[in-house]
Amino acid sequence: MGMIFYVIAGLTLAGGLAAVLLKNTVHCALALTVAFAGLALQFLELDAQFAGFAQILVYIGAVAILVVFAILLTRGSETPKDGVFSRTWLAGMAIAAAVFAVLGWAVLGSTQALPVPGGAPTAAPTATVMQIGNALMGRYVLPLEIVALLLTAALIGAVIVAMHEKAGTE
Amino acid sequence: MTPLAGYLLVAALLFAIGLAGALTRRNAILVLISIELMLNAANLNLIAFWRYGPHPEALTGMMFAIFSIAVAAAEAAVGLGLVISIYRHAHTTDIDLMNRMKG
């Protein structure tokens with residue numbers, strides 16, 4: 001639990017808070033990018049290099065750009081007159097605080113039940129890209145195929161859903 | 001506090017932030033952003049358990065996180081497509097105003 005952990009955790013949480021709280025939707029999308037980058041750094045610090053770089057490629061490279069496109073296409077950057085928060089914001093905040101209280105209580109109260117009691121194992125696990133590729137092509141080949149099918153279906157579905165309707169089909 | 005507990009607490013806080021955003025924002029795109037934050041918090045949990053678990057050489061948590069990232073990308077594409085489609089139909093992305101199922 002060094003200094004780096006606290007810096008990266010603070011960056012991630014600040015990005016997440018800003019993404020949820022800021023008024024301008026474009027600023028929210030940029031803060032979301034900061035949160036994703038902080039999470040990628042945390043993955044790298046946890047010796048999960050492949051997941052960290054996949055996070056950067058997929059989230060910062062694709063999802064954040066998609067979000068910005070959607071904001072611009074829907075003119076979402078205009079701040080609505082009656083506030084950016086829903087009428088029932090107090091109940092939502094209370095539910096989120098209660099969920100965090102339960103999760104934090106569970107994490108802090110169950111240190112003895114964690115997988116390795118004395119904290120971290122001394123040696124960092126090695127997960128090279130070769131090992132991951134072998135696992136993907138061996139033990140996890142069926143989930144990989146299903147994910148490929150899912151991505152194809154999502155690609156076609158997103159295009160069909162967002163496609164302009166023809167003038168005659170109204 | 002062990003390192004694992006630290007990461008789990010960060011993930012729990014990020015999940016709560018995302019949940020608060022999903023429940024309180026009016027803009028549908030911001031709700032999707034909040035859901036992405038919650039998915040990412042779950043991914044952080046998976047990677048942390050993989051790193052500090054008893055059998056990291058099995059790569060289970062890492063694989064789960066990678067598949068989760070792929071599914072989240074598909075979810076974002078379809079969700080934003082739906083938001084654009086709703087905007088074209090109702091000319092708003094305010095989910096407080098989307099209270100009809102009939103077009």
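These numbers were taken from a predicted model, which means no experiment stands behind them.

**Q** So what's going on with the overall build of chain A? Residues and values would help.
**A** Tallying secondary structure elements over chain A gives six helices and zero strands in all. Listing the helices and strands of chain A from first to last along the sequence gives α-α-α-α-α-α. Classification of the 170 residues of chain A by burial places 31% in the buried group. Considering only intrachain contacts with a sequence separation of at least 6, the fraction spanning at least 24 residues in chain A is 55%. Carbon and sulfur atoms provide 74% of the accessible area of chain A, an area that totals close to 10,200 Å².

**Q** Describe the confidence of the model for chain B, listing the residues and the values that go with them.
**A** Looking at chain B, the pLDDT average stands at 88 and 99% of residues meet or exceed 70. Under the prediction, the complex receives an ipTM of 0.91, its pTM being 0.89.

**Q** Residues and numbers for the domain arrangement of chain A, please.
**A** When the domains of chain A are assigned, the result is domain 1 (1-79) and domain 2 (126-170). The centre of domain 1 of chain A, based on its C-alpha atoms, is set 22 Å off from the matching centre of domain 2 of chain A.

**Q** Summarise the packing of helix α3 (residues 49-73) of chain A against helix α2 (residues 28-52) of chain B; cite the residues concerned and give the values.
**A** Following both chains from N to C, one finds α3(A) and α2(B) inclined at 175 degrees, their axes separated by 11 Å at the closest point. The orientation of α3(A) relative to α2(B) falls into the category roughly antiparallel. Here A:A51, A:Q55, A:Y59, A:V63, A:V67, A:A70 and A:I71 of α3(A) come into contact with α2(B), specifically with B:I29, B:I33, B:E36, B:N40, B:N43 and B:I47.

**Q** Before we move on, could you go through the packing of helix α5 (residues 129-137) of chain A against helix α3 (residues 60-90) of chain B and cite the residues and values that matter?
**A** At a closest axis distance of 11 Å, the pairing of α5(A) and α3(B) adopts a crossing angle of 75 degrees. Classified by the angle between their axes, α5(A) and α3(B) sit roughly perpendicular to one another. Where α5(A) abuts α3(B), its residues A:I132, A:A135 and A:L136 lie against B:M62, B:M63, B:I66 and B:F67. Tallied by class, residues from the contact of α5(A) with α3(B) come to seven nonpolar, no polar and no charged.

**Q** Can you explain the interface of chain A and chain B? Please cite residues and give values.
**A** Opposite the 83 residues of chain A that make contact, chain B presents 68 residues. For chain A, the biggest contributors to the area lost against chain B are A:V20, A:L46 and A:T74; these three give 9% of the whole. Where chain A meets chain B, there are one salt bridge. Linking chain A to chain B there are eight residue pairs in polar contact (both at pLDDT 80 or more). At the level of secondary structure, the elements contributing two or more residues to the side of chain A that touches chain B comprise α1 (3-21), α2 (25-45), α3, α4 (89-109), α5 and α6 (141-162) of chain A. Taken together, the residues of the side of chain A that touches chain B break down into 62 nonpolar, 14 polar and seven charged.

**Q** If you had to explain the nonpolar core to someone new, which residues and values would you point to?
**A** A:V67, B:L44, B:I47, B:L59, B:M62 and B:M63 are the most contacted members of the largest nonpolar core, which has 62 residues in total. Within the residue set of this core, elements represented by two or more residues are α1, α2, α3 and α5 of chain A together with α1 (3-24), α2 and α3 of chain B. Counting residues domain by domain, this core receives three or more from each of domain 1 (1-79) and domain 2 (126-170) of chain A.

**Q** A description of the side chain of B:S34 should follow, citing residues and the corresponding values.
**A** Note that B:S34 resides in helix α2. With residues near it in sequence (within four places) discarded, B:S34 still touches A:V20, B:G18, B:G21 and B:A22.

**Q** Just give me the short version of α3(B), but keep the residues and values in it.
**A** Here α3(B) spans 44 Å end to end across 31 residues, near enough to the 45 Å set by a 1.5 Å rise per residue. Just downstream of α3(B), B:H91 is the residue with a positive phi angle, here 55 degrees.

**Q** Requested: an account of a nonpolar patch on the surface, with residues and values cited.
**A** Residues and elements named next belong to chain A. There is a patch of nonpolar side chains on the surface, built from L17, L21, W89, L90 and M93 and spanning about 470 Å² of accessible area. At the level of secondary structure, the elements contributing two or more residues to the nonpolar patch comprise α1 and α4. Ranked by residues supplied to the nonpolar patch, first place goes to α4 with three residues. If you trace the backbone, M93 turns up in helix α4. A residue is classified by how much of its surface remains accessible, and M93, at 31% relative accessible area, is partly exposed.

Conventions adopted
- Residues numbered from 1 in each chain as written.
- Chains lettered and ligands numbered in written order.
- Predicted model: local features only at pLDDT ≥ 70, side-chain atom pairs only at ≥ 80, totals over all residues.
- Heavy atoms only, no water.
- Helix = DSSP H or I, 4+ residues; strand = E, 2+ residues; numbered from the N terminus.
- Buried < 20%, exposed > 50% of the residue type's maximum accessible area, 1.4 Å probe, protein only.
- Contact = heavy atoms within 4.5 Å.
- Areas by Shrake-Rupley, 256 points an atom, 1.4 Å probe, with all protein chains shown as cover.
- pLDDT = per-residue confidence, 0-100.
- Domains from an automatic or database assignment.
- Axes fitted to C-alpha atoms, helices over the stretch in contact; angles between N-to-C directions.
- Parallel < 35°, antiparallel > 145°, perpendicular 65-115°, else oblique.
- Nonpolar A, V, L, I, M, F, W, Y, C, P; charged D, E, K, R; others polar.
- Buried area = accessible area lost by both parts, 1.4 Å probe.
- Salt bridge = Lys/Arg side-chain N within 4 Å of Asp/Glu carboxyl O.
- Polar contact = N/O pair within 3.5 Å; in protein donor to acceptor, adjacent residues only side chain to side chain.
- Core = buried A, V, L, I, M, F, W, Y, C linked by side-chain atoms within 4.5 Å.
- Expected span 1.5 Å × (residues − 1).
- Patch = residues over 30% accessible without salt bridge, like charges linked within 9 Å, V, L, I, M, F, W, Y side chains within 5 Å.

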